[in-house]
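Given next are the chains, with one letter for each unit.
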Amino acid sequence: MSSKKILFLNWKANPSSLKETEVLVETTNHLALLVKDKLDVIIAPPPVYLLPLNHSLTSGIQLASQTVDVTTNGPHTGSIYPALLKENNIGITLVAHSEDRAKKQLTSEQISDLLDACLKNNLKAVLCVGEHQKGDEAIKEITQDLDLILDPIITKYPTSFITSAIDIAYEPLWAIGAQKILDLSYITTQLLAIKEYLIAKLTSSPRLFYGGSVDRSSLKQILDIPEVDGVLIGERSAQKEWLEELFQSVI
Ligand code: PEP
């Protein structure tokens, strides 16, 4: 496994045309080359661009889906399922991003089923977890959610397989899209507690990412936290100039 850290760009519902997306991808290809010794870059564009972009990526950038909604094919209008992504050479997906959870009112049990379907199809799942409110109760909220998601999975797969098949993204809800000034000490404490929980649960820890309000002033500091294997960045990374400044901060 690569020891490089991950920069995961979740473009959400941006940009609004294929042409603009291709320009952004060209910029990202160029920037990814400049950091290739330190970082692996993953892009999650809007779903309709996944297939056209599969042909225009260079420099080792990988593509990810922003969601899986259902476990299999069938009468599920508007849905994406793991086997569909694998069939189309998309090897990674976010699972249960907080915006996805809120929109679809996903329960932890439903998320567990989606994760199971990813594992069955050898689709790398980046499982998003995070507390609603910053504070002492946060770790309890996260581990209760993770218990409900992971317990059924642990009965079906060896923990060594689970650890390599999923990444955990710690994304506190209060930080997502909020452009907060980050409290590194709080984030580090949370990451340490999550890692400790994961090791107790799975014997070793999956890769652990952080996401929420990261920008050019905080990216390097977050990447330098030993528990962090990667960073997720939201829709600001779909703005060319903002993205260039972000990469400049780690070159
Ligand atoms: C996200 O939505 O996954 C995210 C990290 O958003 P932002 O960078 O905008 O906080």
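See above for the structure.
Quantities reported herein were computed from a predicted structural model and do not represent experimental measurements.

> So what's going on with the layout of surface pockets? Which residues, and what values?
In this structure, the largest pocket occupies an estimated 310 Å³ of space. Taken together, 16 residues form the lining of the largest pocket, with Gln66, Thr67, Asp100, Lys103 and Lys104 sitting closest to its centre. Broken down by element, the residue count for the lining of the largest pocket peaks at 4 residues, all from helix α4 (residues 98–104). Looking at side-chain class alone, the lining of the largest pocket contains 4 nonpolar, 6 polar and 6 charged residues.

> Lay out the sheet that holds strand β1 (residues 5–10) in plain terms, naming residues and giving numbers.
Reading around the circumference, β1-β2-β3-β4-β5-β6-β7-β8 is the order of the 8 strands in this closed barrel, with parallel pairing throughout. The average angle at which neighbouring strand axes cross in this sheet is 25°, direction not considered. Two elements, β1 and strand β2 (residues 39–44), share 6 bridges in a ladder whose sense is parallel. Across the sheet, Phe8 pairs through a bridge with Ile42, a residue of β2. Sheet contacts for helix α8 (residues 184–202): β6 (166–170) and β7 (207–211); angle to β7, the most-contacted strand, approximately 150°.

> I'd like a rundown of the site of the ligand, residues and numbers included.
Taken together, the neighbourhood of the ligand is formed by 13 residues, with Lys12, Glu171, Gly177, Ser213 and Gly234 sitting nearest. Within the backbone of Gly234, a nitrogen or oxygen atom sits 2.8 Å from an oxygen atom of the ligand. Contact with the protein chains covers 97% of the free accessible surface of the ligand, which is 290 Å². Looking at the shell around the ligand residue by residue, the class counts come to 4 nonpolar, 7 polar and 2 charged.

> Break down the side chain of Asn10 for me, with residues and values.
Along the chain, Asn10 turns up in strand β1. For Asn10, the side chain forms a polar contact with the main-chain nitrogen of Lys12, separated by 3.1 Å. Ignoring anything within four residues of it in the chain, the contact list for Asn10 reads Ala44, Gln66, Leu94, His97, Ile233, Gly234, Glu235 and Ser237.

> I'd like a rundown of helix α6 (residues 138–154), residues and numbers included.
When the terminal C-alpha atoms of α6 are compared, their 23 Å separation across 17 residues agrees well with the 24 Å that a helix rising 1.5 Å per residue should span. Approximately 30° is the largest bend angle found in α6, and it occurs at Leu148, with the proline Pro152 only one to four residues beyond. If you check which residues of α6 are buried, you get Ala138, Ile142, Thr143, Asp145, Leu146, Ile149, Leu150 and Ile153. Lining the buried residues of α6 we find α4, α5 (108–120), β5 (124–129), α7 (159–165), β6 and α8.

> Explain α5 to me, using residue names and the numbers behind them.
Compared with an ideal rise of 1.5 Å per residue, which puts 13 residues at 18 Å, α5 spans 18 Å between its outermost C-alpha atoms and is within 8% of the ideal. Those residues of α5 that sit buried are Ser108, Ile111, Ser112, Leu114, Leu115, Asp116, Ala117, Cys118 and Leu119. Among the residues trailing α5, Asn122 stands out with phi positive, at a value near 50°.

> Just give me the short version of the pairing of strand β8 (residues 230–233), but keep the residues and values in it.
With burial as the criterion, each face of β8 is covered, one bearing Gly230 and Leu232 and the other bearing Val231 and Ile233. The sheet contact formed by β1 and β8 spans 4 bridges and is parallel. Residue pairing in the sheet places Leu9 in a bridge with Ile233 of β8. Pairing geometry for β7 and β8, over 3 bridges, is parallel. Bridge pairing in β8 places Tyr210 opposite Val231.

> An account of the pattern of salt bridges is needed here, citing residue identities and associated values.
Per the stated rule, a full pass over the model turns up 17 salt bridges. Residue Asp69 pairs with Lys104 through a salt bridge whose shortest N-O separation is 2.3 Å. Note that Asp69 is positioned in the loop between β3 (62–65) and α3 (82–87) and Lys104 in helix α4, a separation of 35 residues in sequence. Salt-bridge contacts for Asp229 lead to Lys195; the nearest nitrogen and oxygen are separated by 4.0 Å. Note that Asp229 is positioned in the loop between α9 (219–223) and β8 and Lys195 in helix α8, a separation of 34 residues in sequence. Since its relative accessible area comes to 22%, Asp229 is described here as partly exposed. Linked through salt bridges whose partners overlap, the residues forming this network are Asp69, Asp100 and Lys104.

Basis of the calculations
Position labels on residues start from 1 in each chain and follow its written sequence. Reporting of local features is limited, given that this is a predicted model, to residues whose pLDDT is at least 70; pairs of side-chain atoms are given and counted only at 80 or more, and all residues count toward the totals for whole chains, interfaces and linings. Hydrogens are left out, water is left out, and the side-chain values use all remaining heavy atoms of the structure. Two kinds of site are reported from a 1 Å grid over the protein atoms alone, namely cavities, where a 1.4 Å probe fits but cannot get out, and pockets, open sets with protein on both sides within 12 Å along at least five of seven lines, and residues are called lining when an atom falls within 4 Å of a point. Grid points are joined across faces, edges and corners, and a volume is the space filled by probe spheres set on the points. Where helices and strands are cited, they refer to DSSP runs of H or I of at least four residues and of E of at least two residues respectively, numbered from the N terminus. Residues are grouped as follows: Ala, Val, Leu, Ile, Met, Phe, Trp, Tyr, Cys and Pro are nonpolar; Asp, Glu, Lys and Arg are charged; all remaining types, including Gly, are polar. Paired strands, in this sense, are two strands between which DSSP finds at least two bridges. Structural elements are reduced to axes, namely lines fitted to C-alpha atoms, with helices fitted over the stretch in contact, and the angle between N-to-C directions of any two is expressed from 0 to 180 degrees. Every residue pair with non-hydrogen atoms within 4.5 Å of one another is taken to be in contact. The rule for a residue being near a molecule or strand is that one of its heavy atoms must lie within 4 Å of it. Here a polar contact is taken to be a pair of N or O atoms separated by no more than 3.5 Å, where protein atoms must pair a possible hydrogen donor with a possible acceptor and residues adjacent in sequence count only if both atoms sit in side chains. In these tables, accessible area is a Shrake-Rupley quantity obtained with a 1.4 Å probe, and a residue counts as shielded only by the protein chains included in the view. Take the residue count of a helix, subtract one, and multiply by 1.5 Å to get its expected span. Note that the bend at a residue is defined as the angle between axes fitted to the seven residues ending at it and the seven residues starting at it. Throughout this description, buried means an accessible area under 20% of the type-specific maximum (1.4 Å probe, protein chains only), exposed means over 50%, and partly exposed covers the range between. By definition, a salt bridge exists where a carboxyl oxygen of Asp or Glu is found within 4 Å of a side-chain nitrogen of Lys or Arg.

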